[in-house]
Amino acid sequence: MRKLALSDEIMLKIDKPARYIGGEVNMVIKNPKDVDVRFAMCFPDVYDIGMSHLGIQIIYDLLNKREDIYCERVYSPWIDLDKIMREKNIPLFALESQQPVKNFDFLGITLQYEMCYTNILQILDLSHIPFMAKDRCEEDPIVIGGGPCTYNPEPVADFFDIFYLGEGETEYYHLIDLYKENKAKGGSRREFLEMAATIPCMYVPLFYDVVYKEDGTIKEMKPNNSHAPKTIKKEIVLDFDHVCYPDKPLVPFIQVVQDRCVLEIQRGCIRECRFCQAGSVYKPLREKSLETLKRIALTQLESTGHDEISLSSLSTSDYSKLQELIDFLMEVCERKKINISLPSLRIDSFSLDVMRKVQDVKKSSITFAPEAGTQRMRNVINKGLTEENILDGCRQAFIGGWNKVKLYFMLGQPTETNDDVDGIMDLCEKIAELYYDTVPKEERHGKCQITASTSFFVPKPFTPFQWAPMCTSRQFLDKAHRVNDKLKTLLNRKSIRYNWHEADISVLEGLLSRGDRKLSKTILKAYQKGAVYDAWSECHDNNIWKEAIEETNVDLDFYITRERQTDEIFPWDFIDTGVTKDFLLREWHNAKEEKVTPNCRMHCSGCGAAVFKGGVCFENKN
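Residues numbered from 1 in each chain as written. Predicted model: local features only at pLDDT ≥ 70, side-chain atom pairs only at ≥ 80, totals over all residues. Heavy atoms only, no water.

S.K.: How do you make sense of the overall build of the protein chain when you look at a structure like this?
M.R.: Looking only at helices and strands, the protein chain has 20 helices and 19 strands in total. Scaling as 2.2 N^0.38, a compact globule of 622 residues should have a C-alpha radius of gyration of about 25 Å, and the protein chain matches this with 25 Å. Considered along the principal axes of its C-alpha atoms, the protein chain spans approximately 75 × 65 × 60 Å. In the protein chain, which comprises 622 residues, the share counted as buried stands at 58%. For the protein chain, the proportion of contacts with a sequence separation of at least 24, taken over those separated by at least 6, is 76%. (Helix = DSSP H or I, 4+ residues; strand = E, 2+ residues; numbered from the N terminus. Rg over C-alpha atoms; globule rule 2.2 N^0.38 Å. Buried < 20%, exposed > 50% of the residue type's maximum accessible area, 1.4 Å probe, protein only. Contact = heavy atoms within 4.5 Å.)

S.K.: I tried to follow the nonpolar core on my own but got confused; where do I start?
M.R.: Burial of nonpolar side chains together is a common tendency in soluble globular proteins. Of all hydrophobic cores here, the largest spans 202 residues; its most connected members are Phe106, Leu107, Ile162, Leu175, Phe192 and Ile309. In contact with Ile309, not counting residues within four places along its chain, are Cys261, Leu263, Ala297, Leu301, Leu329, Cys333, Ile338, Asn339, Ile340 and Ser341. (Core = buried A, V, L, I, M, F, W, Y, C linked by side-chain atoms within 4.5 Å.)

S.K.: Would you mind showing me how to read the sheet that holds strand β16 (residues 404-411) here?
M.R.: To summarise the sheet geometry, strands pair through backbone hydrogen bonds and adopt either a parallel or an antiparallel arrangement. Read across the open sheet, the four strands follow the order β15-β16-β17-β18; overall the sheet is parallel. Strands at the two margins of the open sheet, each flanked by one partner only, are β15 (366-371) and β18 (496-500). Within this sheet the neighbouring strands show an average axis-to-axis angle of 20 degrees, counted without direction. Looking at chain direction, β16 and strand β17 (residues 449-456) are connected through eight bridges and run parallel. When the bridges of β17 are listed, Leu411 appears paired with Phe456. Sheet contacts for helix α15 (residues 473-487): β16, β17 and β18; angle to β18, the most-contacted strand, approximately 175 degrees. (Pairing = 2+ DSSP bridges. Axes fitted to C-alpha atoms, helices over the stretch in contact; angles between N-to-C directions.)

S.K.: Whenever I open this one, the packing of aromatic side chains confuses me. Can you help?
M.R.: Each aromatic ring pair is described using two quantities: the centre-to-centre distance and the angle formed by the ring planes. In total, this model carries 26 aromatic pairs according to the counting rule given. On the numbers, 5.0 Å between centres and 90 degrees between planes, the contact of Phe558 with Tyr559 is edge-to-face. Both residues of the pair, Phe558 and Tyr559, belong to the buried class. Each residue in the set Phe39, Phe106, Tyr164, Tyr172, Tyr179 and Phe192 is aromatic and connected to the rest through ring pairs, giving one cluster. The ring centre of Tyr60 lies 5.6 Å from the NZ or CZ of Arg73, which sits over that ring. (Phe/Tyr/Trp six-rings, centres within 6.5 Å; stacked < 30°, edge-to-face > 60°. Lys NZ or Arg CZ within 6 Å of the ring centre and 35° of its normal.)

S.K.: Teacher, can you tell me more about the layout of surface pockets here?
M.R.: Think of a ball as big as a water molecule: rolled over the atoms, this probe shows where empty space is left. Approximately 310 Å³ is the volume attributed to the second largest pocket. Forming the walls of the second largest pocket are 21 residues, and the residues nearest its centre are Cys600, His603, Cys604, Val616 and Cys617. Partitioning the lining of the second largest pocket into residue classes produces 11 nonpolar, five polar and five charged. (1 Å grid on protein atoms, 1.4 Å probe; cavity = no way out; pocket = protein on both sides within 12 Å on 5 of 7 lines; lining within 4 Å. Points joined across faces, edges and corners; volume = space filled by probe spheres on them. Nonpolar A, V, L, I, M, F, W, Y, C, P; charged D, E, K, R; others polar.)

So, in structure tokens, the structure goes:
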């Protein structure tokens, strides 16, 4: 029987103690003494968030399929337990065995969001693992990072031994086999890292030196070890039907953010939205077959007892067998009283018909993401959505019984003018007018409710906007206040609500997503001053970051507000995602000229992703 790492006395003092006990339905149980390699898989945020992450579930299932590996989970302790663990010197532990993370062979940390970077240091600190990779000894776990933020790993490069670039299903077995081989022959930590560096998608930061120009930009990044290649190539899954996917996902004891079965129907995206990093780095689009999805759906529902199933993808409407999949799920779910969640749908007649069947329209809202208020701006970002599309979708939704509309926009995108900012509320007003013009008074379910939300634009690596300048916090807030002032002048203002994101956090996200290795000192300084859980507004203290930025001599304007030169070497240029820099630069010029690029199924734009020889790039080829 497992002995819990936390005493009953501590459990009674903390919020949601079930976060720390493990033992969930479908948890894998092995004897740590019977395996060769122990792998602690970490999501650097609270359990409620981390347990909702599909990627962790996939890697957990993948690694535990091998008898010689035991993969366990670890999450960031919430601030109440964090304080107690420091006071009582309790080392961070994995949920399955309740044993210290420091005793494991690997600590794998997924990097999903830049604002979790201080939580990475919290994990290392509480695990009693040195912050800096160069300071670790033979007894310390190999710290490996994966996930979307690894497409610019440089701001946290000093804290990691290895980064895995790309999709985790393909090379983890290879990496662990090399670890076992090195261990069997008595090899050192450095020798293992040299072996790991020979895998094309593995980046070992210690084996690279960065040389800077006088103006602070990068002159070159060069390997300092013969085992390290000049370019790191992302890894992707091509056979999406036979890749590992959990039939028996973990089921938490407490409510988490996404407490449901998840069907990943495809990976990648055919849309060419110029602001979207995920759409670029996950190219090309690859689909799971209908038969595979049917099997997974039935197995997951049977093994979990969940009362809801959700489709996961960047653009669900682009799945080629969506009609057949929905018909199957509706038949199964109606019989089993299961709810169906359909995110990421493009609002058209088919989507609305499906949602009408699976939702209670009197209680739910319909969601659009126009991203910009004017057609000019939507052309700049290549959204592929016209005002006519938006209004027609709303009209059909209103006729179908919906009266609540959620709209998502971004402020501060490249070339944005005051007219584009004003266009956000102009569009909301048109939608409100459309409701009252379309739905007879006697058929209305109350007044129209439109909720417009704006986030602030962050130009991310591997997008056409990676050359673009970013707004300051003041500029962001001025734009948000302009939108809010415009709302007050509208005839239908009582039907419209407006929310906006925190500007300071957006600026910090921009710094951390576009920065270089110099920022590791800033992140460490912020953590030492008390920064943690920066993704949570109630925990984020921007004054701490201001002090850390000032004390480490970081020039915010250098990283944030300047437009990059077209020939500049970026901190992430050593990574090959398949999508070429030439294509991204061409799209940057197209954006400034307001030219629209068709989606991948309409026309191949030569982005470079065909180099993988699979997915949508080869759909219509014999």
